[in-house]
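# Structure assessment
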Amino acid sequence: MAIATMTAGVSLGSTSPAAAEGDGYKVPSRSGAAWASGVFVLGYDLPRFAAFGDYRQRPLDVVSTFPPRANWDDFIQPGPAYSTFTGQPYTVVFGMPAIPEVEDASMAQCAAGEYHDKWTTFGHTLTDAGLGSSIIRLGWEMNGSWFRWGGDKAHPEDAPRHALEYKNCFRQVVTAVHEVAPDLKFDWNVNRGQSDGIPDTSDLQNVAYPGDAYVDIIGVDTYDSWVDWNWAINDPEQGLNAWLTFAKKHGKKLSVPEWGLYTTTFDDGTPAPGHGDQPGYIQHMYDFFKDNAADIAYEAYFSNPGNDGRNSLSDPVQMPMSSAKYQELYKKPSLVTTSIQDTARGSGDGQVQFSAGWGQCTTTCGRASDGSYVWTATPGSTATVRFTGSRLRWFGMKEPFSVIATVAIDGRAAVDVDPYAATASASSQQLYVSPTLSQGAHTAVITMTNRRNPASTGGSSITFDRADVD
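Scope of this entry: the structure provided in the associated data block. (Residues numbered from 1 in each chain as written. Predicted model: local features only at pLDDT ≥ 70, side-chain atom pairs only at ≥ 80, totals over all residues. Heavy atoms only, no water.)

## Considerations on the pattern of salt bridges
Taken as a whole and assessed by the stated rule, the structure comprises 16 salt bridges. Among the ionic pairs, Asp342 bridges to Arg345, the shortest N-O distance being 3.7 Å. For Arg345, a relative accessible area of 43% puts it in the partly exposed group. Residue Asp470 pairs with Arg393 through a salt bridge whose shortest N-O separation is 3.1 Å. Linking Asp470 in the segment after strand E20 (466-469) with Arg393 in strand E14 (residues 392-396), this pair joins segments that are 77 residues apart in sequence. Taken as a pair, Asp470 and Arg393 share a single burial class, namely buried. Several salt bridges share partner residues, and in doing so they unite Arg137, Asp221 and Glu258 into one network. (Salt bridge = Lys/Arg side-chain N within 4 Å of Asp/Glu carboxyl O. Buried < 20%, exposed > 50% of the residue type's maximum accessible area, 1.4 Å probe, protein only. Helix = DSSP H or I, 4+ residues; strand = E, 2+ residues; numbered from the N terminus.)

## A word on the packing of helix H11 (residues 279-291) against helix H12 (residues 320-330)
Taken N-terminus to C-terminus, the directions of H11 and H12 make an angle of 25°; their axes are 8 Å apart at the nearest point. Classified by the angle between their axes, H11 and H12 sit roughly parallel to one another. Relative to H12, the crossing made by H11 is right-handed. From H11, Pro279, Ile282, Gln283, Tyr286 and Phe289 reach across to H12, where they touch Met321, Ser322, Lys325, Tyr326, Leu329 and Tyr330. Here the residues of the contact of H11 with H12 are counted per class, giving eight nonpolar, two polar and one charged. (Axes fitted to C-alpha atoms, helices over the stretch in contact; angles between N-to-C directions. Parallel < 35°, antiparallel > 145°, perpendicular 65-115°, else oblique. Left-handed = near helix turned anticlockwise from the far one by under 90°. Contact = heavy atoms within 4.5 Å. Nonpolar A, V, L, I, M, F, W, Y, C, P; charged D, E, K, R; others polar.)

## Side note on the environment of Ala293
Considering the arrangement of structural elements, one finds Ala293 in the loop between H11 and strand E8 (296-302). Classification of Ala293 as buried rests on a relative accessible area of 11%. Along the backbone, Ala293 and Leu254 are 39 residues apart, and their C-alpha atoms lie at a distance of 9.8 Å. Every residue in contact with Ala293, bar those within four places of it in the chain, is listed here: Lys26, Ala34 and Trp35.

Here it is in structure tokens:
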């Protein structure tokens, strides 16, 4: 059964940032990978997060955490769950309850907008902590029955009503929070599988989904438990590919805020629904992220040494074979530098395309690394370098008559580069280095401006010997 209308009297007006843009939100990758990745570890423990990055030999892009949630003030007021991450380089992902787990509250009251002031307080708390661009997994895994904001497995007939209350609650919260914290991103985050709170996928997708205007990211939590990999990836309603399709349909990126292995036995020795130490599962998940990198908002391994998982990959290592596989796949490769010489001309990857106005060196070619470089004295002439990597360095000559050039990466704002030197360099010099980019295909455009350093005299030119990519 599906209920398509909202509760009468609810008046809402907010839209999420990515929803307004219509292209979904993708967390920036500071690690150089093609998608953002990270981890959940117990506690607000920055050294433990950093240690996981050291273990996998690649910086974390995201850190996942949860504030306390027994009472309203646990999560709407300042506390270590927030202050710990102030000024840190990560994108922080907060699992945020829709209502407290203990204090008197209800989803019906949330859906009616009765907690508006509490959520504006929460918005102020995050912006005051410098966390106003974080991600909020509001009422995550709402299709289960294990959280207070989830459904009631004892009364499956109430699932459509619960789905509608959840949707309206989500909308009310987004509207309230965005009044004071417009850059917070909201992740609508389900549990993978026909869960007992909202068991009908139609109710989940058509009733509980708050609408594209209120959602920045569509997320799914998934563990190596209960089902095999083929089901987990290919089930037509609840598999990862099905949720990826659902996200694309709504113009969103897919997140996997929680994923991980799961133990075969609990602490007391009783059987658990997981498959244990399975490096193949790590490989499968990595391949899913890699194959769909352009559509992945972020992902985080849920590293839980406790009874509900026993799946830690590092400190402690509870799944040794999988720990080695994760490190093998995620570690940042040693930088391999590729040179694009001035002679590698064309418009393809690993080539440089010169506009009109460039000339070949004649008498001083020996200064270049390969005995060849080009120069231009024509204002507005360009050298376009197409490359695959995460950083570009431009090499050329520093000379008394050099003028200022600009470099623009992927159409972004151009930056000035001044190759002037009082004495001509005896060999090719590094003139520019790009910031670290996401690993992938990029385009750099070098432009001769004819603006000059006041000390520059004589002619007016810039040179191109090569571009090094790593």
